[in-house]
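Notes for the structure review
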Amino acid sequence: MVADLAWLFILLPLLSFLVCVFVTRPYPRLSGYVTIAAVGATFLLALVAFWSVGNLPPDRILESSLQWVVIGGSVLKVGLIIDSLTAVMLLVVTLVSFLIQIYSQGYMAGDPGYSRYYAFMSLFTASMLGLVLANNLLLVFIFWELVGLCSYLLIGFWYQRPAAAAAAKKAFLITRLGDLGFLAALLVAFNATGNLDIRHLIDLAETKQLAGATLTAVALGLFSGAVGKSAQFPLHVWLPDAMEGPTPVSALIHAATMVAAGVYLVGRTLPLFLAAPDVLVLVAVIGGLTAFMAATMGLVMTDIKRVLAYSTISQLGYMMMGLGVGGLVAGIFHLFNHAFFKALLFLAAGSIIHSVGTQDLREMGGLRRYMPVTFLTMLAGALSLAGLPPFSGFWSKDEILLDALRFGGVGQTLYVLGLLTAFLTAFYTFRLVFLAFGGHYRGPAAAGHGHDHGHGAPHESPAVMTIPLIVLAIPSVLSGFLAFGGLFGPFGEFLISRLSWHPHYEPGLDPTTMGLSAAASLLGIFGAYAVYGAGWVSPEVFTSTFRPLHSLLVNRYYMDHLYNWIARRIVLGVAGLLDWVDRYGVDGVVNAVAELAVMAAGSLRLLQRGWVQFYALMVTVGIILLVAAFGFFGDIIAFLRG
């Protein structure tokens, strides 16, 4: 019964999209209510699905499939699956999206594109839910591309701004690079097996029927798609620019939808990576490198949303690192916790922007006196992001570090890199907190918000915006304790007990890792306080002392410069060369043949004068020439025969 109702997860927000486009577009507030009702209904369905999965016997899942097409002897089926991983993701996506839709009623109030905004958000939610539920890689890919389309529409929502339009195109094009790998993986997998059902591919990999170079190619292709969607190095450059969209969009993209899709894909197909150990190590290394690099860039950003954007890239790297060392539970648990505290942080940032009319941290300060609810809720999210016990981020981060240590080999290096990243994360997170809420207000006395609506001096946001913050603060503080027990047992045991495969999982705590992790977080918070809170050390000391390093970080390791150089010099250079070949090679030959034909026709037309006497003369001359030719060649032929 629940499996058959799974299609409602997609149909309800899709229906909301259609209603917003064709019915309620002239009535903006009604569009918001329709979207909230549809997403709220999917959240209730998610609770039902979670309860149903929790009451299933171990190793049981819910699935609904139908035959789509027959290609030769291969039958392609598509359908939806609800297991423990799906149930967790459904809760995350629907709850976060539901709260963001409510929050948006305050943040987007008065925007001329209000109905369009809610239509896009409905489609975005439907696409992500379809991606999470799909049991077939082709269906995953279809919803994967819809997620990319929706991100393009929402990042460029204020398309009148050149920066927003450019950011939308950048996100779309960069993620397409990864998607090419995903598409290649589908083609290789179908060519090798005649099937794209995820459970079937996992069975083939576990029984070695799908192995060797073919399996490696499939795993690399899937990871390529994940690198693009989840903003992993070197395709991470699109995510900071995606901040040009409305802040609730940033919250949804960063917390529960687009960027989580890549991590989910790797988690869903993890047995394929486990059967291709070289690719698994690559996942871990790319994740660890991304986590560290993004954390260093977060140290120097002055835009509040960009700081959070780099923190998202870094935390996604943490998740990939966890999956890459074989820690399915750790990686997904961090995704689960991160969704709540990152949504909270972005919505709190939106509350600040709504109040003071700027995203520049240097023009904030002292806001804790004006915005106490925003301050306290953002502090809860910051403590969780920093990984300070007992907040939720600490427990999942600690599991990832422990799995890296157990992995051995490169895992030990990643363990150290993870601890350094924990220190940097705590530092830049509380740098943001002290700059925004500490000291005295440094901004203008009167400010407007993102839509140029003046709101006067800093003030607390309305209840429609602060209530979602309070709700999200609860799991940001407490969700980590699900590691020890919940409605259906500890998070890890629930996750592994109702999958179609049996991941390796070692529950337990390591006091040394916990101590080092907590110490790294505390040291980072203290460092941020010393520089940006108490002012014991001026930031300019670090800027001047490490000027080359500071320049490197401000310019984001010159990755954007590199991509721009490649685009201008190589891509456009090759395009120019091909254009020359097309113009003067291909077209040149065709045009030359045409010109020769015209010249020949021009010469022959001189014989067509329209004089009957001339034609009679030419006929006579022709007959004489023919008779002479026959006589001449006849004599030669007779001579040769004789």
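As a starting point, this report considers the structure included with it. (Residues numbered from 1 in each chain as written. Predicted model: local features only at pLDDT ≥ 70, side-chain atom pairs only at ≥ 80, totals over all residues. Heavy atoms only, no water.)

1. Regarding the layout of surface pockets
- Computed from the structure, the largest pocket encloses a volume of approximately 850 Å³.
- What lines the largest pocket is a set of 27 residues, among which L299, Y532, P539, F542 and T543 lie closest to the centre.
- Mapped onto the lining of the largest pocket, the elements with two or more residues apiece are α19 (410-437), α22 (511-533), α23 (539-545) and α24 (547-554).
- Its volume calculated, the second largest pocket comes out at about 500 Å³.
- Every element with two or more residues in the lining of the second largest pocket is listed here: α3 (28-54), α4 (84-107), α16 (328-356), α20 (463-478) and α21 (491-497).
- Split by residue class, the lining of the second largest pocket holds 19 nonpolar, 3 polar and no charged. (1 Å grid on protein atoms, 1.4 Å probe; cavity = no way out; pocket = protein on both sides within 12 Å on 5 of 7 lines; lining within 4 Å. Points joined across faces, edges and corners; volume = space filled by probe spheres on them. Helix = DSSP H or I, 4+ residues; strand = E, 2+ residues; numbered from the N terminus. Nonpolar A, V, L, I, M, F, W, Y, C, P; charged D, E, K, R; others polar.)

2. Some remarks on the packing of aromatic side chains
- In the structure shown here, the tally under the stated rule is 25 aromatic pairs.
- Aromatic side chains Y117 and F157 sit 5.7 Å apart centroid to centroid with 80° between the ring planes, which places their arrangement in the edge-to-face category. Placement of Y117 in helix α5 (residues 114-133) and of F157 in the loop between α6 (137-155) and α7 (162-193) is noted, with a sequence separation of 40 residues between them.
- Exposure remark for Y117: the relative accessible area of 0% places this residue in the buried category.
- Accessibility expressed as a relative area gives 0% for F157, which makes it buried.
- Cluster of aromatic residues (ring-pair linked, three or more members): Y114, Y117, Y118, F157 and W158.
- Note that R116 overlies the ring of F157, its terminal NZ or CZ placed 4.2 Å from the centroid.
- Between the NZ or CZ atom of R176 and the centre of the ring of F172, over which it lies, the distance is 4.3 Å. (Phe/Tyr/Trp six-rings, centres within 6.5 Å; stacked < 30°, edge-to-face > 60°. Buried < 20%, exposed > 50% of the residue type's maximum accessible area, 1.4 Å probe, protein only. Lys NZ or Arg CZ within 6 Å of the ring centre and 35° of its normal.)

3. Focus: the pattern of salt bridges
- The final tally for this structure, using the stated rule, is 13 salt bridges.
- Of the charged contacts in the structure, one is a salt bridge between K170 and D241, with a shortest N-O distance of 2.5 Å. With K170 in helix α7 and D241 in helix α10 (residues 238-241), this pair connects stretches of sequence that are 71 residues apart.
- Here R362 ties to D360 by a salt bridge, and the two come within 2.9 Å at their closest N and O atoms.
- Residue R362 is classed as exposed on the basis of its relative accessible area of 52%.
- One salt-bridge network, in which partners are shared between bridges, spans K170, D241, R306, R556 and D560. (Salt bridge = Lys/Arg side-chain N within 4 Å of Asp/Glu carboxyl O.)

4. Structural notes on empty space enclosed by the protein
- Across all of its chains, the model carries 2 cavities of 30 Å³ or more by this definition.
- By volume, the largest cavity is sized at about 60 Å³.
- Along its surface, the largest cavity is lined by V307, L308, S311, L345, M378, A382, L385, Y428, T429, L432 and V433.
- Of all the elements in the fold, those that place two or more residues in the lining of the largest cavity are α15 (304-324), α17 (372-386) and α19.
- When residues of the lining of the largest cavity are assigned to their parent elements, the largest contribution, 4 residues, is made by α19.
- Here the lining of the largest cavity is built from residues that sort into 9 nonpolar, 2 polar and no charged.
- Considering only enclosed or pocket space, the second largest cavity measures out at about 50 Å³ in volume.
- Lining the second largest cavity are I81, N135, I198, R199, I202, R268, S500 and W501.
- It is helix α8 (residues 198-206) that provides the largest number of residues to the lining of the second largest cavity, a total of 3 residues.
- In terms of residue class, the lining of the second largest cavity is built from 4 nonpolar, 2 polar and 2 charged.

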